[in-house]
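This is what each chain is made of:
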Number of protein chains: 4
Amino acid sequence: MSTLTEVPAHLRAAVDDAKVRVAALHAELPRWDLVVWTAGNVSERVRDIADGEGANDLFVIKPSGVSYDDLTPEAIVVCDLDGNLVEGDRSPSSDTAAHAYVYRHLDHVGGVVHTHSTYATAWAARGEEIPCVLTMMADEFGGPIPVGPFAIIGDDSIGRGIVETLRGSRSPAVLMRNHGPFTIGKDARSAVKAAVLCEEVARAVHVSRQLGEPVPIAQEAIDALYARYQNVYGQH
Amino acid sequence: MSTLTEVPAHLRAAVDDAKVRVAALHAELPRWDLVVWTAGNVSERVRDIADGEGANDLFVIKPSGVSYDDLTPEAIVVCDLDGNLVEGDRSPSSDTAAHAYVYRHLDHVGGVVHTHSTYATAWAARGEEIPCVLTMMADEFGGPIPVGPFAIIGDDSIGRGIVETLRGSRSPAVLMRNHGPFTIGKDARSAVKAAVLCEEVARAVHVSRQLGEPVPIAQEAIDALYARYQNVYGQH
Amino acid sequence: MSTLTEVPAHLRAAVDDAKVRVAALHAELPRWDLVVWTAGNVSERVRDIADGEGANDLFVIKPSGVSYDDLTPEAIVVCDLDGNLVEGDRSPSSDTAAHAYVYRHLDHVGGVVHTHSTYATAWAARGEEIPCVLTMMADEFGGPIPVGPFAIIGDDSIGRGIVETLRGSRSPAVLMRNHGPFTIGKDARSAVKAAVLCEEVARAVHVSRQLGEPVPIAQEAIDALYARYQNVYGQH
Amino acid sequence: MSTLTEVPAHLRAAVDDAKVRVAALHAELPRWDLVVWTAGNVSERVRDIADGEGANDLFVIKPSGVSYDDLTPEAIVVCDLDGNLVEGDRSPSSDTAAHAYVYRHLDHVGGVVHTHSTYATAWAARGEEIPCVLTMMADEFGGPIPVGPFAIIGDDSIGRGIVETLRGSRSPAVLMRNHGPFTIGKDARSAVKAAVLCEEVARAVHVSRQLGEPVPIAQEAIDALYARYQNVYGQH
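Residue numbers restart at each chain and count upward from 1, following the sequence in its written direction. Lettering for chains starts from A, numbering for ligands starts from 1, and both go in the order in which the items are written. Per-residue local features are limited, in this predicted model, to residues with pLDDT of at least 70; the limit for side-chain atom pairs, both in listing and counting, is 80 or more; totals at the level of whole chains, interfaces and linings are taken over all residues. Hydrogens and waters are ignored; side-chain quantities use all the structure's heavy atoms.

Let us now look at the pattern of salt bridges. Salt bridges are counted wherever a side-chain nitrogen of Lys or Arg sits within 4 Å of a carboxyl oxygen of Asp or Glu. Scanning all chains against the criterion turns up 67 salt bridges over all chains. Note that Arg31 of chain D and Asp69 of chain C form a salt bridge whose closest N and O atoms lie 3.0 Å from each other. Here the residue Arg31 of chain D occupies a position in helix H2 (residues 28–31), and Asp69 of chain C occupies one in the loop between strand S2 (58–61) and strand S3 (77–80), the pair thus bridging two chains. Accessibility here uses a 1.4 Å probe with only protein chains present; expressed as a share of the type maximum, an area under 20% marks a residue as buried, one over 50% as exposed, and anything in between as partly exposed. Exposure remark for Asp69 of chain C: the relative accessible area of 55% places this residue in the exposed category. In this structure, a network of salt bridges that share partners links the residues Arg12, Asp16, Lys19 and Glu87 of chain A. We count a stretch as a helix when DSSP gives it H or I for four or more residues in a row; a strand needs E for two or more, and each element gets its number in order from the N terminus.

Structure follows, in structure tokens:
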């Protein structure tokens, strides 16, 4: 287990670059109407290349309760993979334990985003997965967006619910029941993209179903769209 | 009863600080789509520390009919707890009597906000409380958002309806029937936060119910979420 | 009948002031999401004080097909009350005949606004009046927002439908069937305010009815709210 | 068949002008909420006047995966009518083959736009045309907005579906099933206008139908409105 009390010198530049990226990416959340007030958070893993096991990786994340207008790179905090604060003037986001759990258990994940975006949260409140009835959904999610279990903050149950649900799915997004979406990606930008598209398909499929049933897309078409898109954009 | 005709010298600095805060907080109302045109108002109490009873407290509030673009600190007016104008070039908001009533009867309240935000007002028009089916709602509101009585402007009936409804609830928000939400907080910023989150949960729960029934959250989970959140953020 | 070929010298200053106001007020239409692209228009009457009958009044209005970004005071055109162009480099809005008809037949009207705002247009497409179930609606509209007849552009039928519908109503807004809202006011600013509030109540009442029936407001409460509000804000 | 490897000298100025226009028009897509993230694309044909057959026409289009903030004229790429890249540092949009097919088969088309705008996409997911129940829809679309077939990216099936559907319709917009809208125009600006109005009528008719049935407009009124509007604005 990590017991770092400061950012190691060999990770300094990588951490600072990640802070700049993550501060800028937070601006995408209100821009695309995914959050209100100080809700929502973006994190990015900083890999410790020197450590073959990944146990000394760090991640940068939004501090708790800070207005989106005040999210400079200097305000972003650094944690180890147990969620302990390594650097920063403020407490890390109250969702830090969930981000840390995802990084510890899914090695390919380099970025995590959590929002309470309205339409995705509405599906989550019913505990209902979003069916794959749009080509852009087949492209990005490769099928339905699944629902994770009800879990409350305070232990590893949110992180465990995210990881267990995403392991059985192509989707980079999971709707945690009665809570809201978490998304993952190879880096923070990919996870933000997944959060933006998750809300967009949650809204479009909701609107479509208000006046009838969307036409299903055949599984082989979903597979073909997903394979092509992942190849072009090189995700996962 | 207060008969002030000007701001007492020992409250000058506190009043001016409150004007700056309240002017800036008004910009949050159109930012989060809670108001149109000149609707909506934010107030903040200025405590008269020298007076043990609170009878000489003041509050600052938006003037009536002023565009959001023109809400400078100088435009904000000052009233006593009976709602009489103590300082300012314009009439106070036509909702001033309701704000004053809340400050007179709920000593822990330091800020009050009123909006006609769309989804909260839609629940208010049906006279239907918003059920607690989201974890962020359990965090901030500790249960359902209650409905207050129908009351029309012109006497104390709006203020009384707000106070009587909120005394029986953990919620810092009340939906006044056929009218819209009023929210309270330890200061104006907390009350604005409650107004922003009230509209967000009103919208998300509305959207969720359009296509079925949200899954209820067990009362003990609501209680645990509320207790943790109030402890972390130190509200009320 | 007017046969002006230029703005009379004694109205020069009043016309130029109206152009400045109307150019600025057009920015309120996209700001409050009432229009897309180049749709929507605002006009304001310039009274010919020297003429007791009003037959030589003018009005200023948006030109046809101009982007909201290009609506400077210089771009605003001037028409007589028959809708003939008196001054301007471009054609007046294709809705000019309807504005002119309203000014000719309702002498107390100083401003007219037309939009295709989404929710008001949705009620108009069903030919259904908006019931008065919100206190802000009682304040501003004094009752339901009525529906005018189906009428197509090309003669006076739109103007006549507006005037006949509004003569039988307290409301400064009418929903022209399958078309959209027209609003009036003592000046352009009042008519823009009515357009903004018309869309807001159209949206809030729509949302409320999606999940049940709003509670009616008693007629005497509507009357009391309307009387107070018109007195305070001095409209009509 | 074109085998160009660079922009011919006699088209240089026309291509550069088109890049400026198309870069600026892309900003209209997020402005009117038609796209999220990097979705959506606008193209414009550059006619090779010297070539009577049109086989040497080019078109300019958005590159793939570029943020809307980075869409300068220099970033816009140039393709021939087979969709091959003629000039540009990046790959053309993944929808380029569909744009190229439209230009090859519909000679009067000078601009093409594709979005995933929410309400239009919701109708597309149900495979349901939008009925013509608004006067602005009669003006711009001359009747219902039709649905094209399900088609997946990778061959000419999207382009063929667009062309076959629009040949049988007055509408400049087609809803490709489970996918989203494509619009055409005499130039890129006209196609963007059609995309903006397509989403607006998709939303207004959706909202109207949520609470009942819109009143139909008689065919002769639709024909009259369409004839007048096309004459005034000179489209097609």
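Below, the discussion takes up the sheet that holds strand S5 (residues 111–114) of chain B. Residues and elements named next belong to chain B. Pairing between strands is defined by DSSP: at least two bridges between the two strands are required. With mixed pairing, 8 strands are arranged side by side in an open sheet as S4-S3-S2-S1-S5-S8-S7-S6. With partners counted over all chains shown, the strands left at the sheet margins are strand S4 (85–87) and strand S6 (147–148), one partner each. In this structure, S5 lies alongside strand S8 (residues 180–185), joined through 4 bridges in antiparallel fashion. In the strand pairing of S8, Val113 is matched with Thr183. The strands touched by helix H1 (residues 12–26) within the sheet are strand S1 (41–46), strand S2 (58–61), strand S3 (77–80) and S4, with S1 carrying the most contacts at an inclination of about 160 degrees. The contact rule is simple, with two residues in contact once any of their heavy atoms fall within 4.5 Å. As a rule, the C-alpha atoms of each element are fitted with a line to give its axis, helices using only the stretch in contact, and angles between N-to-C directions run from 0 to 180 degrees.

All right, on to the interface of chain D and chain A then. Listed by partner, the interface residues are 25 residues for chain D and 30 residues for chain A. Here the quantity called buried area is the accessible surface, traced with a 1.4 Å probe, that two parts lose on coming together, added over both. Taken together, both faces of the contact between chain D and chain A bury some 2600 Å²; the carbon and sulfur share is 65%. By the criterion of area lost to chain A, the three top residues of chain D are Val36, Trp37 and Arg126 of chain D, representing 30% of everything that side buries. Linking chain D with chain A are 1 salt bridge.

With that out of the way, let us pick up the confidence of the model for chain A. For every residue, the predictor states its confidence as a pLDDT score lying anywhere from 0 to 100. Across chain A, the average pLDDT comes to 95, with 97% of residues at 70 or higher. This complex was scored by the predictor with a pTM of 0.96 and an ipTM of 0.95.

All names here are of chain D. Where burial is concerned, the two faces of strand S7 (residues 173–176) agree: the one with Ala173 and Leu175 and the one with Val174 and Met176 are both buried. Pairing analysis gives 2 bridges linking strand S6 (residues 147–148) to S7, with the strands arranged parallel. Residue pairing across strands places Gly148 opposite Met176, the latter belonging to S7. After leaving S6, the chain enters helix H6 (residues 157–167) and then returns to the sheet as S7, a path that is right-handed. Here S7 pairs with strand S8 (residues 180–185) via 4 bridges, running antiparallel. From the neighbouring strand, Val174 faces S8, where its bridge partner is Phe182. Here S7 hands over to S8 after 3 residues, with Asn178 in that stretch at a positive phi of 60 degrees. Viewed with both strands pointing away, a crossover whose connecting path from the first strand over the helix to the second turns clockwise is right-handed.

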